[in-house]
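Inside the fold
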Amino acid sequence: MSADLPDTDIATRFGSGRAVPRIEDEGLLKGVGRYADDVQPAGELRVAFVRSPHPHARIVSVDAATARGMPGVAFVVTGADLVQAGVKTLPVDVMFRRADGARSASPQRPVLAHDRVRFVGEPVAIVVAETAQQARDAAEAVWVEYEDLPNVTDVETATRGQVVALTGQAPDNVAAEARYGDAAQAESAFRSAAHVVRLEVRNQRVAALSIEPRTVLAWTAEDGRLTLRMSSQMPSGVRTTLCDVLGLPREQVRVTVGDVGGGFGMKTGAYPEDVAVAYCAHKLRRPVKWAADRSEDFLSSHHGRDLRTHAELALAADGRIQALRLRSQANVGAYATGTGVAIQLLIGPWVQTSVYDIPLVDFQFQAVLTNTAPTGAYRGAGRPEAIFTMERLMDEAARQSGIDRIQLRRRNFIRPEQMPYKNPMGQTYDVGRFEHVMDQALAQADWNGFEARRAQSQARGRLRGLGIATFLEWTGGNVLEERVTVDVLPDGVIEVFSAVNQMGQGIATTLAQLVVDVFQVPIGQVRVVLGDTDRGDGFGSAGSRSLFTGGSALRQGAERTLDEARKLAAQDLEASAADLVYEAGKFKVRGTDVAVDLFTLAGKQPGQRIHLESSTAVAGPSWPNGCHISEVELDPQTGALQVVAYSSVNDVGRVVNPTIVRGQLDGGAVQGMGQALLEQMVYDPASGQPITGSLMDYAAPRADLVACDFVTRMDESTPCKNNPLGVKGVGELGTIGATPCVVNAVADALARGGHAALAPTLQMPLTPARLWQAMRGEKH
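Figured I'd write up the structure that's included with this text. (Residues numbered from 1 in each chain as written. Predicted model: local features only at pLDDT ≥ 70, side-chain atom pairs only at ≥ 80, totals over all residues. Heavy atoms only, no water.)

**Digging into the overall build of the protein**
Put simply, the test is: Each helix is a run of H or I in the DSSP string that is no shorter than four residues. Each strand is a run of E no shorter than two, and both are numbered from the N terminus. For this measure, only C-alpha atoms enter the radius of gyration; the expected value for a globule follows 2.2 Å times N^0.38, where N is the number of residues. We call a residue buried when its accessible area falls under 20% of the maximum for its residue type, exposed when it is over 50%, and partly exposed in between, using a 1.4 Å probe and counting protein chains only. Contacts are assigned to residue pairs that have any heavy atoms within 4.5 Å of one another. Surface accessibility in these figures is a Shrake-Rupley result with a 1.4 Å probe; residues are shielded only by whichever protein chains are displayed. Counted charges follow a simple rule, with Lys and Arg positive, Asp and Glu negative, and His plus the chain ends left uncounted. One atom stands in for each charge, and that atom is NZ of Lys, CZ of Arg, CG of Asp or CD of Glu.
On a plain count of helices and strands, the protein comes out with 21 helices and 28 strands. For 780 residues, the compact-globule formula gives about 28 Å, and the C-alpha radius of gyration of the protein, at 28 Å, lands near that figure. Considering only C-alpha atoms, the protein reaches an extent of 85 × 70 × 50 Å along its principal axes. Here the protein holds 780 residues, and the buried ones make up 61% of them. In the protein, the share of contacts with a sequence separation of at least 24, taken over all contacts with a separation of at least 6, comes to 80%. Accessible surface computed for the protein: about 28,400 Å², of which carbon and sulfur atoms make up 49%. Of the charged side chains in the protein, 79 are positive and 90 negative, and the gap between their average positions amounts to 2 Å.

In structure tokens, the structure reads:
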């Protein structure tokens, strides 16, 4: 801090609204970050898993005798061993129902498979040894005899009659089904509609691909408790599952999280590997670590998306939407997890009508079991799938009806005066000015100047397309309460704890800025502690809730702490609390020189600190929204495609740190483009083997995907009314908007280039080979 600047400038320079450098970055840039694999206690043992090479098979026998006698091997555990030890199965969905009213159907998910394996990569045994190489060698010596069973990897085949059932509870492999809306009224609307648009939409399966694979270290601490250090977004949730499955009391288990190299939703909750490692550490009373290699992450970490939808939109002659009808089947993999099912049967449908005033819906969503890895949360979790379908319908409706796509959106936007607005799924939007956001985006992207740019591309033999997506999303995870602790310490530090987690998104910096707002101290005097179930429980970080709920709780906790400090200062100064003025870490009696330093005051208290625990609930979810506009160039000779312009306006409510918010929006947009143009987790339908299980085969987005600078604006003019900060979740907004925006741009390029019939048939990923084949009339 510059010596010539007064203390009153501290909040202005380090508080909310300022692009404060991230406090997390110095350690990461110096290479002193502490990821789970960086923690290496003395006597650490390493793990290798024996995994199924079959998509579906009965386990006839497991012989681990040879492996147990190999050099360095400390422990080998099979699925049968865990059953005998009384280890329970992992939770599966129990919230939804099948069409016949029965509870949702799923095979029970064992920690280690013991009777049947249901996807390639499912763990069958765990080998613990002195070194990772010894563990791998011994794992290869575990002999498992399998009896092959028929397999199915796609929803169409899985739900067709006379195929193998993954569980006897669901002969048709439909784990659960959800219906929403009024089918009869919707049908009437479709019969009388002037225009009916129909699309087959596929949201392909993708991998989260965090830069740090899943990692877990478990040991017995000096106090006798089972302790874990792991790469996770939800340590409290992991602890709950561990205790349930292993039969341990909550107070006997501690879960800690340090630096996390990306999560994207994939690192929420406990996996079988986490439980198996914890079990071995608990039995051996030695530290046991497993760090996944990239192939293991591809095989066994939860995948995202994988939804197939038949979508229909009914419109009046003037373009006003009369009804929306969907028939969707989600591939939830071999086990119907609660998260995997809820994402497609509930969370996605919540935002399906998006920013449009749609009076009638008729939705049918099915969760289908297949012999693939289970699906779970992946950046956006249901909302990208829903918005992609809606925005593809809107652009296709414009093409088929002849109504300009901007005018079509204007006629159907929910208007500000309709707020608060309850959508057909019963979700209430507190605020939203969707046309206002779109108007800003059109001007920013020079929408009206596109024809000149298209002519320039045409002169170079390229097709140029213009894409748009207007949309919203739901954030908050529907867990709307968070607990924090605040400690003012005599050494000049304000230490705060929150149960939200850092995973590369800069949340510690943002939380520290909120503390600066209240206490008016330099940000270097704020210490943010995250990721420790001993310090406090909470939902964790998912659903773009970290600032929305965790930040709101911290801001109010800090304010309550300052109020408590004011009372203590009044006692210390023998003055009325109402007569005290607080400024930059000091209480002063108004009109006098009598004062006490905040940190000196803390040192006078019992325990030498001012301590406060605080819980705060927000009133409801937030509904961030945006308008994203992109331009692409397509080479008709090769199918090569580049994004040559990308512009967005994003209503994210109040912004605490513009740099962090912009990073989330732009990074999310690239991730959304990855799904649009490159990424796909592919299983061979005959063998059930994953064929994109490495970075040699799975195409991830790289810097050269985008041949332009992003133009990104945050609109703060419509703050959220559901939380005291006025913020809206931002971590997934860019991903949700980018995918339909870019695909719509490709469809537009094809339509303008004489291939209008291809526009409604496009399916992701839009790779050069697929586009080249499509333009030549070949199936893609």
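Continuing now.
**Description of the sheet that holds strand 10 (residues 226-230)**
Filter applied, for reference: Pairs of strands are assigned from DSSP output, requiring at least two bridges between the strands. Fitted lines through C-alpha atoms give the axes, limited to the stretch in contact for helices. The angle between two N-to-C directions lies from 0 to 180 degrees.
Spatial ordering of the open sheet is given by 3-5-1-12-9-10-11, a layout of seven strands whose pairing is mixed. Here the strands that pair on one side only, and so sit at the sheet edges, are strand 3 (73-78) and strand 11 (253-256). For this sheet, the mean angle separating the axes of adjacent strands, direction not counted, is 20 degrees. Bridge count between strand 3 and strand 5 (residues 123-129): five bridges; the pairing is antiparallel. Looking at strand 5, one finds that Val-77 is bridged to Ile-126. Lying over the sheet, helix 8 (residues 235-246) contacts strand 10 and strand 11, oriented at roughly 150 degrees with respect to strand 11. Relative to strand 9 (residues 215-220), helix 9 (residues 272-284) is tilted by about 25 degrees, and along the sheet it contacts strand 1 (45-51), strand 3, strand 5, strand 9, strand 10 and strand 12 (288-291).

**A few points about the pattern of salt bridges**
How we decide: Any carboxyl oxygen of Asp or Glu that lies within 4 Å of a side-chain nitrogen of Lys or Arg is treated as forming a salt bridge with it.
Here the structure, examined in full by the defined rule, presents 58 salt bridges. A salt bridge links Lys-289 to Glu-44; the nearest nitrogen and oxygen atoms lie 3.1 Å apart. On the criterion of sequence distance, the pair formed by Lys-289 in strand 12 and Glu-44 in the loop between helix 2 (25-29) and strand 1 is long-range, its members being 245 residues apart. For the pair formed by Lys-289 and Glu-44, the shared burial category is buried. Residue Asp-537 pairs with Arg-239 through a salt bridge whose shortest N-O separation is 2.7 Å. Taken together, the positions of Asp-537 in the loop between strand 21 (526-530) and helix 17 (546-573) and Arg-239 in helix 8 put the pair 298 residues apart, joining distant regions of the chain. Arg-239 sits in the buried class, given a relative accessible area of 6%. Here the residues in one salt-bridge network are Glu-391, Asp-395, Arg-405, Arg-409, Glu-451, Arg-454, Asp-748 and Arg-752, joined through shared partners.

**With respect to the packing of helix 19 (residues 658-677) against helix 20 (residues 733-752)**
Condition: With respect to orientation, any angle under 35 degrees is reported as roughly parallel, any angle over 145 as roughly antiparallel, any angle of 65 to 115 as roughly perpendicular, and every other angle as oblique. Left-handed describes a crossing whose near helix is turned anticlockwise from the far helix through less than a right angle; right-handed describes the clockwise counterpart.
The N-to-C vectors of helix 19 and helix 20 enclose an angle of 40 degrees; their axes lie 7 Å apart at closest approach. By the criterion of interaxial angle, the relationship of helix 19 to helix 20 is oblique. Considering the relative orientation of helix 19 and helix 20, their crossing is right-handed. In contact with Leu-665, Gly-668, Ala-669, Gln-671, Gly-672, Met-673, Gln-675, Ala-676 and Leu-677 of helix 19, helix 20 contributes Leu-733, Gly-734, Thr-735, Ala-738, Thr-739, Val-742 and Val-743.

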